[in-house]
Amino acid sequence: MLTRLSVPSLKMLAKTFQVEKFTLHCPSLQELTEVLKNGLALNFANVDVKISDCPNLQIAPFHLAAPGLCGSTRIADVGGAQNLLPLPNLDKVYNFVDIAKQIDLPEAFIIGAGAGPHRHVGVNSEMMSNLKLNMQCGSNCAAIQTRVCTVNTEDGSCKQMPLNSTEFSLLGNFFCSEGKPGKVLEIIATKRTGEENFISCIRKTLAQKYGDQPVGLGGAFIIQRGKAKLHVMPAFSETPLKSENDVNQWLKFYDVPAPLICLTGECISHDPGLDLRLEHTHCFSMHGGGGHYHYDTTPEDIMYHGYFNIAQSVYRVDKPAEELKLSS
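First things first, this report covers the structure right here in the doc.

Conventions we followed
- Residues numbered from 1 in each chain as written.
- Predicted model: local features only at pLDDT ≥ 70, side-chain atom pairs only at ≥ 80, totals over all residues.
- Heavy atoms only, no water.
- Helix = DSSP H or I, 4+ residues; strand = E, 2+ residues; numbered from the N terminus.
- Rg over C-alpha atoms; globule rule 2.2 N^0.38 Å.
- Buried < 20%, exposed > 50% of the residue type's maximum accessible area, 1.4 Å probe, protein only.
- Contact = heavy atoms within 4.5 Å.
- Pairing = 2+ DSSP bridges.
- Axes fitted to C-alpha atoms, helices over the stretch in contact; angles between N-to-C directions.
- Disulfide = S-S within 2.5 Å.
- 1 Å grid on protein atoms, 1.4 Å probe; cavity = no way out; pocket = protein on both sides within 12 Å on 5 of 7 lines; lining within 4 Å.
- Points joined across faces, edges and corners; volume = space filled by probe spheres on them.
- Nonpolar A, V, L, I, M, F, W, Y, C, P; charged D, E, K, R; others polar.
- Salt bridge = Lys/Arg side-chain N within 4 Å of Asp/Glu carboxyl O.
- Expected span 1.5 Å × (residues − 1).
- Polar contact = N/O pair within 3.5 Å; in protein donor to acceptor, adjacent residues only side chain to side chain.

**So, the overall build of the protein chain**
Reasoning step 1: Each helix and strand in the protein chain was counted, giving five helices and 20 strands.
Reasoning step 2: Computed over C-alpha atoms, the radius of gyration of the protein chain comes to 18 Å, within 12% of the 20 Å expected from 2.2 N^0.38 for 328 residues, which places it in the range of a compact globule.
Reasoning step 3: Counting only C-alpha atoms and orienting by the principal axes, one finds that the protein chain spans roughly 50 × 45 × 40 Å.
Reasoning step 4: Within the protein chain, buried positions represent 57% of all 328 residues.
Reasoning step 5: Taking the intrachain contacts of the protein chain between residues at least 6 apart in sequence as the baseline, contacts between residues at least 24 apart amount to 77%.

**Quick word on the environment of Met127**
Reasoning step 1: Looking at the secondary structure, you find Met127 in strand 7 (residues 126-132).
Reasoning step 2: Between the alpha carbons of Met127 and Val215 there is a distance of 25 Å; along the sequence they are 88 residues apart.

**Overview of the environment of Gly289**
Reasoning step 1: Within the fold, Gly289 resides in the loop between strand 17 (279-284) and strand 18 (291-296).
Reasoning step 2: Its relative accessible area of 10% is what places Gly289 among the buried residues.
Reasoning step 3: Remark: the alpha-carbon pair of Gly289 and Ser177, spanning 112 residues in sequence, is separated by 27 Å.
Reasoning step 4: Once you skip the residues sitting within four places of it in the chain, Gly289 turns out to touch Gln160, Val256, Leu260 and Phe284.

**Side note on the sheet that holds strand 17**
Reasoning step 1: Strand order in the open sheet formed by nine strands is 3-12-19-13-16-17-18-14-15, and the pairing between neighbours is antiparallel. On the outer flanks of this sheet lie strand 3 (44-53) and strand 15 (252-257), each paired with one strand and no other. For this sheet, the mean angle separating the axes of adjacent strands, direction not counted, is 30°.
Reasoning step 2: As paired elements, strand 14 (residues 227-232) and strand 18 share four bridges and run antiparallel to each other. The partner of Ala228 across the bridge, within strand 18, is Asp296.
Reasoning step 3: Lying on the sheet, helix 4 (residues 198-210) is in contact with strand 3, strand 12 (183-192), strand 13 (216-225), strand 16 (260-268), strand 17, strand 18 and strand 19 (303-311); it crosses strand 16 at an angle near 25°.

**Remarks on the state of the cysteines**
Reasoning step 1: For the coordinates displayed, the defined rule picks out one disulfide.
Reasoning step 2: With a sulfur-sulfur separation of 2.3 Å, Cys262 is cross-linked through a disulfide to Cys283. In this structure the cystine formed by Cys262 and Cys283 twists about its S-S bond by roughly 105°; its chirality is therefore right-handed. Residue Cys262 is located in strand 16, and its partner Cys283 is located in strand 17; the two are separated by 21 residues in the primary sequence.
Reasoning step 3: Since its relative accessible area comes to 0%, Cys262 is described here as buried.
Reasoning step 4: Left without a disulfide partner, Cys176 is nearest to the cysteine sulfur of Cys70, which lies 14 Å away.
Reasoning step 5: Classification of Cys176 as buried rests on a relative accessible area of 2%.
Reasoning step 6: Looking at the unpaired Cys201, the closest cysteine sulfur is the one in Cys267, lying at 10 Å.
Reasoning step 7: Taking relative accessible area as the criterion, Cys201 reaches 5% and is therefore assigned buried.

**Some thoughts on the layout of surface pockets**
Reasoning step 1: In this structure, the largest pocket occupies an estimated 1000 Å³ of space.
Reasoning step 2: Lining the largest pocket are 38 residues; nearest its centre among them are Ala81, Leu85, Arg277, His292 and Leu324.
Reasoning step 3: Looking at the lining of the largest pocket, the elements that each hand over two or more residues are strand 4 (74-79), strand 6 (109-115), strand 11 (167-177), helix 5 (244-250), strand 17 and strand 18.
Reasoning step 4: Partitioning the lining of the largest pocket into residue classes produces 16 nonpolar, 14 polar and eight charged.
Reasoning step 5: Of the volumes computed, that of the second largest pocket is approximately 160 Å³.
Reasoning step 6: Lining the second largest pocket are Val123, Asn124, Thr150, Val151, Asn152, Thr153, Lys159, Met161, Met233, Pro234 and Ala235.

**So, the pattern of salt bridges**
Reasoning step 1: A full pass over the atoms with the stated rule returns ten salt bridges.
Reasoning step 2: Notably, a salt bridge pairs Lys319 with Glu20, separated by 3.3 Å at the nearest N-O pair. Taken together, the residues Lys319 in the segment after strand 20 (313-317) and Glu20 in strand 2 (residues 16-23) connect sequence positions 299 residues apart.
Reasoning step 3: Overall, the relative accessible area of 30% leaves Lys319 in the partly exposed class.
Reasoning step 4: Among the salt bridges present, the one from Lys204 reaches Glu196, with a minimum N-O distance of 2.9 Å.
Reasoning step 5: Owing to a relative accessible area of 39%, Lys204 belongs among the partly exposed residues under this scheme.

**Quick word on helix 4**
Reasoning step 1: Taking 1.5 Å as the rise per residue, helix 4 with 13 residues should run 18 Å; its terminal C-alpha atoms sit 19 Å apart, in good agreement.
Reasoning step 2: Here helix 4 has its buried residues at Phe198, Ile199, Ser200, Cys201, Ile202, Arg203, Thr205, Leu206 and Tyr210.
Reasoning step 3: The backbone nitrogen of Ile199 has a side-chain oxygen 3.0 Å away, supplied by the residue at the start of helix 4, namely Asn197.
Reasoning step 4: Phi turns positive one or two residues past the end of helix 4, at Gly211, with a value near 55°.

Read these as spatial facts, not as claims about activity.
Structure (structure tokens):
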């Protein structure tokens, strides 16, 4: 069911925008274990999917800002690539404190993928959002474990750094909850035999099973073995990026070794007409590598181990007026 709410905009936007809420289809975790086990087995040689008590995600190897993925689960899809392409709209600056209020979860635990706040970082960046809000004192006492990755202009390497801010820019896709412990899906997959990446395989399995009934997941996974292809956005392009080739020539790609901590903010099986980004995952690490997840590059060696929960609803915030159209 789709609900449209006209709400005040973020202060830095100084205008109004629309928030659209859609109630997602919520199969039981037990049903999803069988569905995902069968689907992932078509793409990986070894698969285990089960219902588990969520481990404490605040400790190694996850290093998250809250212990669990449960309580009032929802996905926030904010802005969009239209704010980046063909040229960036640098006025699109958001704040998690305001977003959390607008998705009806003011003390949200928020994980996922987005663009870092350029006015804090000083340059365009990939953001791995990881924070737990506390509305008693706003952003002043939020538990912020967010990181960003930028491109080192001297040698083209990836540079990862902590971000002590509740702002972000342009776009973001986030799994939000109360951060409580509880029952979740535990998924282990090794030795990729198919063409799909880990998250795409999950999403397409759900799409095949549930059709036009949107099912949404979010969570965190570790790439324990192998390597993954990641990208990091460099400085904003001064020339319009009009095609997929333009974008790929602009992005900086890296082959990054395990271990990687990956945050899936949005994995939705079907877009109910909200111009959603169906999947979006960013990764960080303790060794300095990170960025936007594409796929693993070592199928024989790869090992994924993650924890996911089902989202009860999706909130589309500040949807761009037109869909993104890039030439091939």
